[in-house]
Amino acid sequence: MSKFFSDKYAALTPYVPGEQPKDAQYIKLNTNESPFAPPLSVVQAATAEAGKLQLYSDPECTPLIEHAAKTWQVKKTQVIATNGSDEVLNFAFMAFCDKNHPIVFPDITYGFYSVFAQLNGIPYETIPSKEDFSVDYRQYVGIGKNIVIANPNAPTGLALSRAQIEEIVRSNPDNVVIVDEAYVDFGGESCVPLIDKYDNLLVTQTFSKSRSLAGGRLGVGFGCESLIADLNTLRFSTNPYNVNRMTMAAGCAALCEEEYFREKCADIMRTRAYTTRALKELGFEVLDSKTNFVFAQTDKITGEELYKQLKARGVLVRHFKGGRIENFNRITIGTKEQMDVFLQKVKEILEENEV
Ligand code: PMP
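So, how was this worked out
Residues numbered from 1 in each chain as written. Predicted model: local features only at pLDDT ≥ 70, side-chain atom pairs only at ≥ 80, totals over all residues. Heavy atoms only, no water. Salt bridge = Lys/Arg side-chain N within 4 Å of Asp/Glu carboxyl O. Helix = DSSP H or I, 4+ residues; strand = E, 2+ residues; numbered from the N terminus. Buried < 20%, exposed > 50% of the residue type's maximum accessible area, 1.4 Å probe, protein only. Pairing = 2+ DSSP bridges. Contact = heavy atoms within 4.5 Å. Axes fitted to C-alpha atoms, helices over the stretch in contact; angles between N-to-C directions.

### Regarding the pattern of salt bridges
With the rule as written, the count across this model stands at 20 salt bridges. In this structure, the salt-bridge partner of Glu19 is Lys311, at a minimum N-O distance of 2.8 Å. Of the two residues, Glu19 sits in the segment before strand 1 (27–28) while Lys311 sits in helix 9 (residues 303–312), which places them 292 residues apart along the sequence. Close ionic contact of Lys28 with Glu33 constitutes a salt bridge, the shortest N to O distance being 2.8 Å. Judged by relative accessible area, which is 25%, Lys28 ranks as partly exposed. The exposure class of Glu33 is partly exposed, given its relative accessible area of 29%.

### Regarding the sheet that holds strand 10 (residues 293–297)
Pairing is antiparallel in the open sheet, where 3 strands are placed in the order 9-10-12. Single-partner strands in this sheet number two, and they are strand 9 (285–286) and strand 12 (329–332). Bridge count for strand 10 against strand 12 is 4 bridges, and the pairing is antiparallel. Across the sheet, Phe295 pairs through a bridge with Arg330, a residue of strand 12. Packed onto the sheet, helix 8 (residues 258–281) meets strand 9, strand 10 and strand 12 and runs at close to 5° relative to strand 10.

Set out below in structure tokens:
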């Protein structure tokens, strides 16, 4: 830390992204990326924009907002586009939370929420998940504080129903409920259809997972007009060109390829069922995932040891140190071929550890 670093950030613990090693060819099942490249139309749309990079991108994100409004069947004024959904989440923390408006979220969830809270000097509380790692939605009903819930949740993969989320939103009319739907396209129920009914609901989604654009950095937020206007105030006060030209074009093209992405999501869900079955046969407990990853543990080997031994064999999964999830690993669902290699390595490791 330099002597110039502001005191207000002295205690900040930054988010730790999944490792992106450059030293070997790994099967990467650690950052919930799509194993599928975007379709050619998306690549071509992005490439065509590269020749115009001397010009700023459209700060209103006009074509993208129009496409998104059509796709999600909302008004253009009910959508915001951001640099990944991490950015819209940060804007929401900045816009709706402060010392007098704390935020609550489950204890086992996306690690960035506590970072956004710390970064913005927002007090936060975590609510313990149940023994089976599910979120007890009743604990949020009428809580009278701002709330952020990943639905489906990460890293557990478990989902609440739309009716359960609606009960949380309905019972906290004076607080903002942020529903982070980064993984919703893999079997969750979206709350976007509720934004006309509740002025305290903000739903965020990403193009990083189901639309194969993690490297493009594109997220979207949906809410009533006034919530979106607040988020835009922050966007224009930080970086009005937050979505670059190539990503904006790629995002528009991606929304014209819904059939392609639906098929890829269906493929991932089939491979998820296959992987879950195979892991259970090997003696793992696997949580019921509605995402593009599974969260699994076994009493045959510790989570950390399995992570290390898989890495040594060229397969990366995500292990979170400490607490109730110490023995688990989060395994991104790749192609069937990648999962077969992963399962084979797991089998070998378990056999070697038995003797
Ligand atoms: N929410 C959750 C629950 C996530 O796991 C992620 C991915 N790390 C994000 C939001 C942010 O994704 P992105 O910024 O790529 O849209």
